[in-house]
Amino acid sequence: MMRQLILLIATIVVAPFIGGLLFGIDRRITARLQGRFGPPILQPFYDFLKLIGKERIAVSRLQFVWIYAYLVFMVGSLLCLVFQSDFLILVFLLGFAGVSLVLAGFSTKSPYSHFGANRELLQIMAYEPVLLLLAIGIYAQNGTFLISEIFNQSRPLIFSLWPLFIAVLYVLTIKMRKSPFDIATSHHAHQEIVKGVITEFSGPYYALYQLAEWYEIVLVLGIVALFWTNPLWVGILIALAAFLLELLIDNIAARMTAPWMVRLSWTVGLILGVLNIAYIYFTKGVS
Amino acid sequence: MGLIHNSRIKSPWIMHFDNSSCNGCDIEVLACLTPLYDVERFGIVNMGNPKHADVLLITGPVNRRTARVLRNLYDQVPGPKMVIAVGTCASTGGVFHNCYNVLGGVDKVVPVDVYIPGCSVRPEAIIDGVVLALQKLASANL
């Protein structure tokens, strides 16, 4: 019990530091790829602290509730991973978190915010089926949705689920809102829909959103690491390699439209996922 | 408050607004973000959104049409905020000062913290101006 409490507190405290550092490294590497010097590695933390100290401007009180919900569901989802609980519950909590962000976007009257929220819904539509297929794939392989069972298996998941691994890399790009799928928050195109779903988040509430994003990146990279849990450091190395690959893709790809994202994610992700699960059941037989 | 105060100086997010400039200063503002000057190494990021901005970079003289827009944008920036008038026109009205539709410099509508003269200003001067604004932010006890 004591050990679990320590693990709980350690996750809540340490995860944002890892996430913030990853974003700092992201900005530095992106700058270097573009031939610039780039900001300090600790820049996201400076941004965060500055935003905490800014004035609170209330556009809609309902919005604040949804931003808190986004953060809480995201932390809950990460705790599911750390405590090696049910993978299916992790996916559902992640879904609730995404929906909270959409509702935060819809709770103001700004048209940019509404546009961004609609696009965030499309993003959820693009990645959620792939994550559900991953859950089914894990079930097909291990006979249970429990993450602790993945850790018990000596044979890494990536050997039997490599097509789903490729599909999860798509999810990683969509979740990081990086360039080909830079759609809901319009990170690089302020002229289009300002900042999309986060247009109306200001000051401390924008800081909360960033905090939730830090948890999110740790969570999504953690899901990638699940593909090689024995020993776990190989999985973490794979996750970091996937992260660097995303940065490269972000810098060489142009922004694409939302329908294109859904089409690509569904054709590549769903076909790979369904074929993968079908193959596992063919070789193992349905029990 | 020391930590938050230090972070403010290290992460000024700018928003650029063009009143009725000839676009000379606007091009120089954007030149600051290119690899040659790369202001992101000081944590400066160009935001398209007043609600995320800390520093308003305003170019061009204020005319009767843009005065209302400028005031609205200024009100949307959460404090503590800094306003920088970029270029001669934004500072005083410049060559347009006695036009029938021009009110004059930016300070006719919103309080200005730093004036950067020049026609058009050089990117080095803009960076100097932002640094000056940050020094003002650092010395102010907010």
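Structure: see above.
Q: Would you take a moment to explain the overall build of chain B for this structure?
A: In terms of helices and strands, chain B carries 5 helices and 7 strands. Shown N-terminal to C-terminal, the secondary structure of chain B runs as helices and strands in the order α-β-α-β-β-β-α-β-α-β-β-α. The C-alpha radius of gyration computed for chain B amounts to 14 Å, which stays within 12% of the reference 14 Å derived for 142 residues, consistent with globular compactness. Taking all 142 residues of chain B together, 44% fall into the buried category.

Q: What is the right way to look at the interface of chain B and chain A in this model?
A: By a widespread convention, an interface's size corresponds to the accessible area lost as its parts come together. Counting residues at the interface gives 17 residues for chain B and 26 residues for chain A. Of the residues that constitute the side of chain B that touches chain A, the class distribution is 4 nonpolar, 7 polar and 6 charged.

Q: Looking at this structure, I do not really get unusual backbone geometry. What am I missing?
A: Residues other than glycine predominantly adopt negative phi, and peptide bonds predominantly adopt the trans conformation. N230 of chain A connects to P231 of chain A through a cis peptide bond whose omega is -5°. Relative to the elements of secondary structure, P231 of chain A occurs in the loop between α10 (204–225) and α11 (232–252). In the segment running from C119 of chain B into S120 of chain B, the intervening peptide bond is cis, with an omega of -10°. Within the secondary structure, S120 of chain B sits in the loop between β7 (114–116) and α5 (123–139). A positive phi angle is found at N23 of chain B, which is not glycine, with a value near 85°. Looking at the element boundaries, N23 of chain B is found in the loop between β1 (13–18) and α2 (24–31).

Q: Help me understand α5 of chain B in this model?
A: An α-helix turns once per 3.6 residues; consequently, residues spaced three or four apart project the same way. All names here are of chain B. Relative to the 24 Å expected for 17 residues at 1.5 Å per residue, α5 spans 24 Å between its end C-alpha atoms, a close match to the ideal helical length. When α5 is considered as a whole, its buried residues turn out to be I126, G129, V130, A133 and L134. What you see down the axis of α5 is that its buried residues fit within an arc of 140°, all on one side. Turned more than 90 degrees from where α5 packs its buried face, E124, Q135 and S139 sit exposed.

Q: How should the pairing of β1 of chain B be read in this particular structure?
A: For a regular strand, side-chain orientation follows a simple rule: the groups alternate between the two sheet faces. All names here are of chain B. For β1 and strand β2 (residues 45–46), the ladder comprises 2 bridges, and the chain directions are parallel. Paired with W13 across the two strands is V45, which belongs to β2. Between β1 and its parallel partner β2, the chain crosses via α2, and the hand of that crossover is right-handed. Looking at chain direction, β1 and strand β3 (residues 55–59) are connected through 5 bridges and run parallel. From the neighbouring strand, I14 faces β3, where its bridge partner is V55.

Q: It is not clear to me how the nonpolar core should be interpreted in this structure. Could you clarify?
A: Within soluble globular proteins, side chains that are nonpolar generally end up buried alongside one another. If you look at the biggest cluster of nonpolar residues, it comprises 73 residues, and the most contacted ones within it are Y70, M74, V130, V168, V171, Y215 and V224 of chain A. The dominant element in this core, judged by the number of residues it contributes, is α10 of chain A, at 15 residues. Aside from chain neighbours lying at most four places away, what touches V171 of chain A is Y127, V130 and L131 of chain A. With 33 residues, the next largest nonpolar core counts C25, I44, V45 and V83 of chain B among its residues.

The rules behind the values
Each chain has its residues counted from 1, following the order in which its sequence is written. Each chain gets a letter, beginning with A, and each ligand a number, beginning with 1, in the order they are written. Given that this is a predicted model, residues contribute local features only at a pLDDT of at least 70 and side-chain atom pairs are listed and counted only at 80 or more, while totals for whole chains, interfaces and linings are drawn from all residues. Strands are runs of DSSP state E lasting at least two residues, helices are runs of H or I lasting at least four, and both sets are numbered from the N terminus onward. Radius of gyration here is computed from C-alpha atoms only, and the compact-globule reference equals 2.2 Å multiplied by the residue count raised to the power 0.38. Exposure is read from a count of other C-beta atoms within 10 Å of each residue's own; the residue is exposed at 12 or fewer, buried at 20 or more and partly exposed in between. C-beta atoms are placed from the backbone. A pair of residues counts as a contact when their C-beta atoms, built from backbone coordinates, are within 7 Å of each other. In this classification, the charged set is Asp, Glu, Lys and Arg, the nonpolar set is Ala, Val, Leu, Ile, Met, Phe, Trp, Tyr, Cys and Pro, and all remaining amino acids, among them Gly, are polar. A helix is expected to reach a length of 1.5 Å times the quantity of its residues less one. Working note: the arc is built from the helix axis to C-beta atom directions. One bridge is not enough; two strands pair if DSSP finds at least two bridges between them. For crossovers, right-handed means that the path from the first strand over the helix to the second runs clockwise, given strands pointing away from the viewer. The term nonpolar core refers to a group of buried residues, namely Ala, Val, Leu, Ile, Met, Phe, Trp, Tyr and Cys, whose C-beta atoms join them within 7 Å.

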